[in-house]
Amino acid sequence: MNPFRNRHPVRPALVALGSAVLLAASVTVPSAAAAGAEEQPRSSVVLDWYDTTAATIAAGGAPTQITNSRTWAVSWLAAARATRPVPAGVDRGDFQDAALASAVHDALVALVPSRTEELDAALRTTLVGVPDGPAESKGVAAGARQARLVLAARQGDGLDPASVDAPFTVPPAAPGVWQPTPPAYAPAAQYGNRLARPFLLDSPDQYRLPAPPALDSARYRADLAEVRAYGAVDSTVRTEKQTETADFWLGSSLTLYTEPLRVALARSPQSSAGRARLVALFHIALVDTQIATSDTKYAYLRWRPVTAIRAGSIDPDPAWTPLHTTPAHPDYPSGHNTYSGAAEAVLSALVGPRTAPFKLTSPTAPGVTRTYTAWSRLSRENADARVYSGIHTRSADEAGLVLGERVATHALRNAERLFGTL
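Only a predicted model underlies this, so the values are computations on that prediction, with no experimental measurement involved. For every chain, the first residue of the written sequence is number 1, and numbering continues from 1 along that sequence. Only residues with pLDDT of at least 70 are given local features in this predicted model, and only at 80 or more are side-chain atom pairs given and counted; all residues enter the totals for whole chains, interfaces and linings. Computation of side-chain values: all heavy atoms of the structure, hydrogens and water removed.

Participant: Give me the overall build of the protein chain: which residues, what numbers.
Facilitator: Think of it this way: any DSSP run of H or I at least four residues long counts as a helix, any run of E at least two long counts as a strand, and we number them from the N terminus. On a plain count of helices and strands, the protein chain comes out with 18 helices and two strands. Burial here depends on accessible area, computed with a 1.4 Å probe over protein chains only, as a share of the maximum for the residue type. Under 20% is buried, over 50% is exposed, and the range in between is partly exposed. Within the protein chain, the proportion of its 422 residues that are buried is 56%. Residue contacts are defined here by distance: any two heavy atoms, one from each residue, within 4.5 Å place the two residues in contact. For the protein chain, the share of sequence-separated contacts (at least 6 apart) that also reach a separation of at least 24 residues comes to 82%. Note on areas: these come from Shrake-Rupley sampling with a 1.4 Å probe, and a residue is covered only by the protein chains present in the view. Surface exposure of the protein chain reaches about 16400 Å², of which carbon and sulfur atoms provide 57%.

The following block contains the structure:
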């Protein structure tokens, strides 16, 4: 057992979003009875294009996570807009299938042109299943139109890889101040996120967190003691299960949350338009969360545990090494946990806080399969994992969950600013 875990009050409950947030965002989640009464979604087309998007980004995406999140957001925002108004006199399902496929296809071709051949083939496959006629032609036209409009609206938003990793001048070394970390001592990454244009935030600093715990505070001393003990590569107190948790959640959050979002999408009783909206809102919230994360990180420039433990004033240990390599940006807040907090907030609000059991694997923990029934458990494991990896303090993890929740709640409450028909 880790005596440091949960020693402080937990963050505000993410599930407190509730029906008020859904109402404010004009998002409806039909009951089982209502879902049975309305036309059931043609899940195959929605899931086919979800899988096509994931495969497209995995094969030809950008080297920066937020750029790939933007690709998801742009593609599925276009799809959500295109499927929402259905022209009179056409079959609803046929129109929405064609519109969704056309919107996602056109946006992805523009953003990941190296995958054009595969995307064209996927579009042909979808349209083979849609009867020729006005529903198909109008749906294709609606999708193409919305893809053009969303792409134009996001032009020059600063989320391309070069802008994301804009140069950052490291300040002189001082207690608490971030410095490049071993073994690579790489330049700061993701500084440019805080200069990018959000989708729904009024500004990158709208939800900037308060300062991290002072270096001479009891909280910070406890944080450092915990990560020193549990996060060392040669830790004698970290259990096998805790090491597995660190390994499981080590990789890209975008990759790790692709399957949980797919589970929510597959189990949602909403229409095709509602499902497109779910995917779009998820990634819109996550783009804005990553922008807000970098804003707070570079506002405070809190040093990483490896720097604090090796060179700090509290019993320095120049040989201390974390279990996993420290990423090249400041400690506070944890980006994995801002991502997790936002993901939990969106999923809890739009599909409920719990679901039937689902299995999850991780590319950084081969052979390990975990089973989940609540989105909150993913967040709890993320918070623990970054401590057990030796790369974040628990303060940074808990603060990250709070920031992610706040940005996602803002996205849900302001969704209509983006989802109006153009």
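Participant: Lay out the packing of helix α13 (residues 272–300) against helix α15 (residues 335–351) in plain terms, naming residues and giving numbers.
Facilitator: Axis geometry follows a simple rule: fit a line to the C-alpha atoms, using only the stretch in contact for helices, then measure angles between N-to-C directions, giving values from 0 to 180 degrees. The geometry of α13 relative to α15 is characterised by a closest axis approach of 9 Å and an angle of 150° between their N-to-C directions. Accordingly, the angle class assigned to the pair α13 and α15 is roughly antiparallel. For the element pair α13 and α15, the recorded crossing hand is right-handed. Along the contact surface, α13 presents Leu278, Leu281, Phe282, His283, Ala285, Leu286, Thr289, Gln290, Thr293 and Lys297, while α15 presents Gly335, Thr338, Tyr339, Ala342, Ala343, Val346, Leu347, Leu350 and Val351. For this classification, Asp, Glu, Lys and Arg are treated as charged, while Ala, Val, Leu, Ile, Met, Phe, Trp, Tyr, Cys and Pro are nonpolar and the rest, including Gly, are polar. The residue makeup of the contact of α13 with α15, split by class, is twelve nonpolar, six polar and one charged. Small angles under 35 degrees read as roughly parallel and large ones over 145 as roughly antiparallel, with 65 to 115 read as roughly perpendicular and the rest as oblique. By convention the crossing between two helices is left-handed if the near helix lies anticlockwise of the far one by an angle smaller than a right angle, and right-handed if it lies clockwise.

Participant: Got a sec to walk through unusual backbone geometry? Specific residues and values, please.
Facilitator: The amide bond that connects Pro182 to the next residue, Pro183, takes the cis arrangement and shows omega of 5°. Assignment of secondary structure puts Pro183 in the loop between α8 (161–164) and α9 (218–230). Note that the residue after Tyr332, namely Pro333, is joined by a cis bond; omega there is 0°. Its place among the elements puts Pro333 in the loop between α14 (305–311) and α15. With a phi close to 70°, Gln190 is a non-glycine residue in the positive phi region. Inspection of the secondary structure puts Gln190 in the loop between α8 and α9. Classification of Gln190 by relative accessible area gives partly exposed; the value is 30%.

Participant: Can you tell me about the pattern of salt bridges, naming the residues and giving the values?
Facilitator: The salt bridge definition used is simple: a Lys or Arg side-chain nitrogen within 4 Å of an Asp or Glu carboxyl oxygen. Enumeration over the complete set of coordinates arrives at 17 salt bridges. Residue Arg115 is joined to Glu118 by a salt bridge in which the shortest nitrogen-to-oxygen separation is 3.5 Å. We classify Arg115 as partly exposed; its relative accessible area is 21%. Overall, the relative accessible area of 39% leaves Glu118 in the partly exposed class. Residues participating in the shared-partner salt-bridge network are Lys241, Glu244, Arg370, Arg377 and Glu381.

Participant: Report on the nonpolar core, specifying residues and quantitative values.
Facilitator: In these notes, a set of buried Ala, Val, Leu, Ile, Met, Phe, Trp, Tyr and Cys residues joined through side-chain atoms within 4.5 Å is what counts as a nonpolar core. Counting 81 residues, the largest nonpolar core has Trp49 and Trp76 as the members making the most contacts within it. When residues of this core are assigned to their parent elements, the largest contribution, eleven residues, is made by α13. For Trp49, the contacting residues outside a window of four places in its chain are Trp76, Leu100, Ala101, Val104, His105, Leu119, Ala122, Leu123 and Thr126. Formed by ten residues, the second largest nonpolar core is a distinct cluster that contains Leu224, Val306, Trp320 and Val387.

Participant: Pulling in residues and values, what's your account of the environment of Thr373?
Facilitator: Tracing the sequence through the fold places Thr373 in strand β2 (residues 369–374). Each C-alpha atom, one on Thr373 and one on Lys359, is 9.1 Å from the other, the two residues being 14 residues apart in sequence. Contact partners of Thr373, with chain neighbours within four places excluded, come to Pro353, Arg354, Thr355, Ala356 and Pro357.

Participant: Please provide a residue-by-residue account of the packing of aromatic side chains, values included.
Facilitator: Any pair of Phe, Tyr and Trp rings, taking the six-membered ring for Trp, is counted once the centres come within 6.5 Å. Such a pair is stacked with planes under 30 degrees apart, edge-to-face with planes over 60 apart, and tilted for the rest. Counted by the stated rule, this structure contains twelve aromatic pairs. Pairing Phe168 with Tyr191 gives two aromatic rings, centres 5.0 Å apart and planes at 40°, and the pair type is tilted. Of this pair, Phe168 sits in the loop between α8 and α9 while Tyr191 sits in the loop between α8 and α9, and the two are 23 residues apart along the sequence. Residue Tyr191 is classed as buried on the basis of its relative accessible area, which comes to 18%. Between the aromatic rings of Phe168 and Tyr298, the centroid separation amounts to 5.0 Å while the plane-to-plane angle is 65°, which identifies the pairing as edge-to-face. Pair noted here: Phe168 is in the loop between α8 and α9 and Tyr298 is in helix α13, with a separation of 130 residues, a long-range link. Judged by relative accessible area, which is 21%, Phe168 ranks as partly exposed. For Tyr298, a relative accessible area of 5% corresponds to the buried category.

Participant: Outline helix α16 (residues 375–388), listing residues and values.
Facilitator: The first and last C-alpha atoms of α16 sit 20 Å apart over 14 residues, in line with the 20 Å expected at 1.5 Å per residue. In terms of burial, α16 is largely enclosed, as eleven of its 14 residues are buried. Of the positions making up α16, those classed as buried are Trp375, Leu378, Ser379, Glu381, Asn382, Ala383, Asp384, Ala385, Arg386, Val387 and Tyr388. Two residues or fewer after α16 comes Gly390, characterised by a positive phi angle close to 80°. A helix is expected to span 1.5 Å multiplied by its residue count minus one.

Participant: I'd like a rundown of α13, residues and numbers included.
Facilitator: Under the 1.5 Å per step criterion, the end-to-end length of α13 is 43 Å for 29 residues, consistent within 8% with the ideal 42 Å. With 27 of 29 residues buried, α13 lies mostly within the body of the structure. Where α13 terminates, the next one or two residues include Leu301, which has phi positive at roughly 50°.

Participant: Help me get a handle on the confidence of the model for the protein chain, residues and values and all.
Facilitator: Known as pLDDT, the predictor's per-residue confidence is scaled from 0 to 100. Confidence along the protein chain averages 91 in pLDDT terms, with 89% of residues attaining 70 or more. Counting contacts from residues 7–41, a segment whose pLDDT is below 50, to residues more than four positions away or on other chains yields 60 contacts.

Participant: Any chance you could break down the packing of α15 against helix α17 (residues 394–413) for me, citing the residues and the numbers?
Facilitator: When two helices pack together, their arrangement is given by the angle between the helix axes and the distance between those axes. In contact at an axis separation of 6 Å, α15 and α17 are set at 40° when each is read in the N-to-C sense. Taken as axis vectors, α15 and α17 run oblique relative to one another. As α15 packs across α17, the resulting crossing turns out to be right-handed. Residues Asn337, Thr338, Ser340, Gly341, Ala342, Ala345, Val346, Ala349 and Leu350 of α15 form the contact with α17, whose participating residues are Asp397, Gly400, Leu401, Leu403, Gly404, Glu405, Ala408 and Leu412. For the contact of α15 with α17, the residue count by class is nine nonpolar, six polar and two charged.

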